[in-house]
Structures are given as C-alpha cells and as structure tokens.
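# A closer look at the structure
Listed here are the chains, written in short residue letters.
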Amino acid sequence: MSTSHGSAPRAGPKDAPGRSSSPAAAVDPADQLARLGRSWVWLLGAAMATLIPGILVLVWPEATLHVLAVLVGVYLLLTGGFQFVAVFGRDSDRTPGLIIAVLSVLGGVLCLRNPLQTIAVLSLITGAVWLVSGVVTLYTAIATRDMPHRGVVMAVAALGIVAGIVVLALPTESARALTRLLGLWLVLLGLAETAVALAWRSALRRAGIPGRGASGPPG
C-alpha cells in the first residue's frame, strides 16, 4: 500500500529554473530516488501494481492456488519496491514507509518461496501485510497534519485495515473463494491508491511544480 508524502510540495532553491547543480549531486542515488519517489506517476504505478493483479484474479476465478500465490507474491514484491522508492521522496519520518516496504517484500518472498502452501497460510500472509500496512499508514496520516489530501490517505489506510481484518477473520475453504475475496480487495485498494496518486498530482499543480508531476522533481 503506497501513501502520499508527508508534507505539501514546496519549491525551494533547487527547484529554481536555470539553477545548475554539481555533477556529483546529479548522480547521487538518494537524490534520484527522491525525485522518482515524489512523482505522482510513481504513485500511480504503485496503484496499477495493485489494481492489475486484482483484475487478473477476478477475471480468472478458476486459477489454481499455485497461480494465486504467484500473483499475490508478485503484487507484494512490486508494492514493496514502489513503497521503498516513495520513502525517499518524503521530508517526514521515513521509518513507517520502510516498515511497509520490508513487510511487503517479506510477504512476497514467502508467497513465491512455496506457492503450493495452504489457503490458510496465503490468507495469513496477505491479511497480515494489509493490516499492518493500514495501521502504519493511518498512524502516519494522523501524525502528519500538513499531509496533502490527508483524508484520502486515511480512507485508503482504513480500507487496508478492513481488508486485512476480513481476510484474517473469515478463513476460506477453497482456492476459488479466496481468489474472489483477494481479487475484490486488490481492486478496491488499487482504485483507492489511484485516487491518492491523482490527489498528489493536484497538490503538485497547486504548488506550481508541474515538472514533478511528469518526471519527478528536479534537483
């Protein structure tokens, strides 16, 4: 689950047009990750990494448990990767984002390491990732008063918490039932994360930083 950034975008000295930067700063990995992480396109990519697997799961209800585990594993790995990069684009505490990134990657590895695991294990991994990610994201949104579109982020976090609780509290008895349940929540979360990405684009435009909305922030 990806979230918006910790504070509203600001145009600083590095954002001034025509301002040159040193070659060392231009190739700094942290700086490049920060530029990418602040891009609304990156957030949209994270949303698609959630939405597309959800659609595939829903339109492919006869998928075996093996296929479902692979799809969920790839989704969690992609989510973890997107979240890790997005962390560098934040001015606030990066620890919550890193927790979500590490948890998602671990969940993805567990799913892919043994795709033939039981339905209960797959539900436990997915539900736990959604629940913890939702709680961490909700805490971040509440603690960060100047977060753009804070209400949208809190709504996405609440959706993730509900998804985690539902998956954990309602164990399914068949791969088909689990497929429908996970697919539905993936689509809902993907749509919610798309709304966060579009909200971040609006925040960037209002701040007068159109370049960040397309290819990441300069400098």
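For the structure, check the block above.
First, a word on scope: everything that follows refers to the structure included in this document. Predicted, not measured: the structure shown is a model, and the values here were computed from it. (Residues numbered from 1 in each chain as written. Predicted model: local features only at pLDDT ≥ 70, side-chain atom pairs only at ≥ 80, totals over all residues. Heavy atoms only, no water.)

Another point: the environment of isoleucine 142. Within the secondary structure, isoleucine 142 is located in helix 6 (residues 119–143). Placed twelve residues apart in sequence, isoleucine 142 and methionine 154 show a C-alpha to C-alpha distance of 7.7 Å. Residue contacts for isoleucine 142: discarding those within four places in its chain leaves Arg150 and Met154. (Helix = DSSP H or I, 4+ residues; strand = E, 2+ residues; numbered from the N terminus. Contact = heavy atoms within 4.5 Å.)

As enumerated under the stated definition, the model contains one aromatic pair in all. Measuring from centroid to centroid gives 4.5 Å for tryptophan 42 and phenylalanine 82, while their planes differ by 55°, and the two rings are tilted. In this pair, tryptophan 42 is assigned in helix 3 (residues 40–59) and phenylalanine 82 in helix 4 (residues 65–87), connecting sequence segments 40 residues apart. On the basis of relative accessible area, phenylalanine 82 is assigned to the buried category, the value being 16%. (Phe/Tyr/Trp six-rings, centres within 6.5 Å; stacked < 30°, edge-to-face > 60°. Buried < 20%, exposed > 50% of the residue type's maximum accessible area, 1.4 Å probe, protein only.)

So, about the packing of helix 4 against helix 5 (residues 95–113). At a minimum axis separation of 7 Å, helix 4 and helix 5 run at an interaxial angle of 160°. Classified by the angle between their axes, helix 4 and helix 5 sit roughly antiparallel to one another. Remark: the crossing between helix 4 and helix 5 carries left-handed chirality. Within the contact between the two elements, helix 4 uses Ala69, Val70, Val72, Gly73, Val74, Leu76, Leu77, Thr79, Gly80, Gln83, Phe84 and Val87 and helix 5 uses Gly97, Leu98, Ile100, Ala101, Ser104, Val105, Gly107, Gly108, Val109, Cys111 and Leu112. (Axes fitted to C-alpha atoms, helices over the stretch in contact; angles between N-to-C directions. Parallel < 35°, antiparallel > 145°, perpendicular 65-115°, else oblique. Left-handed = near helix turned anticlockwise from the far one by under 90°.)

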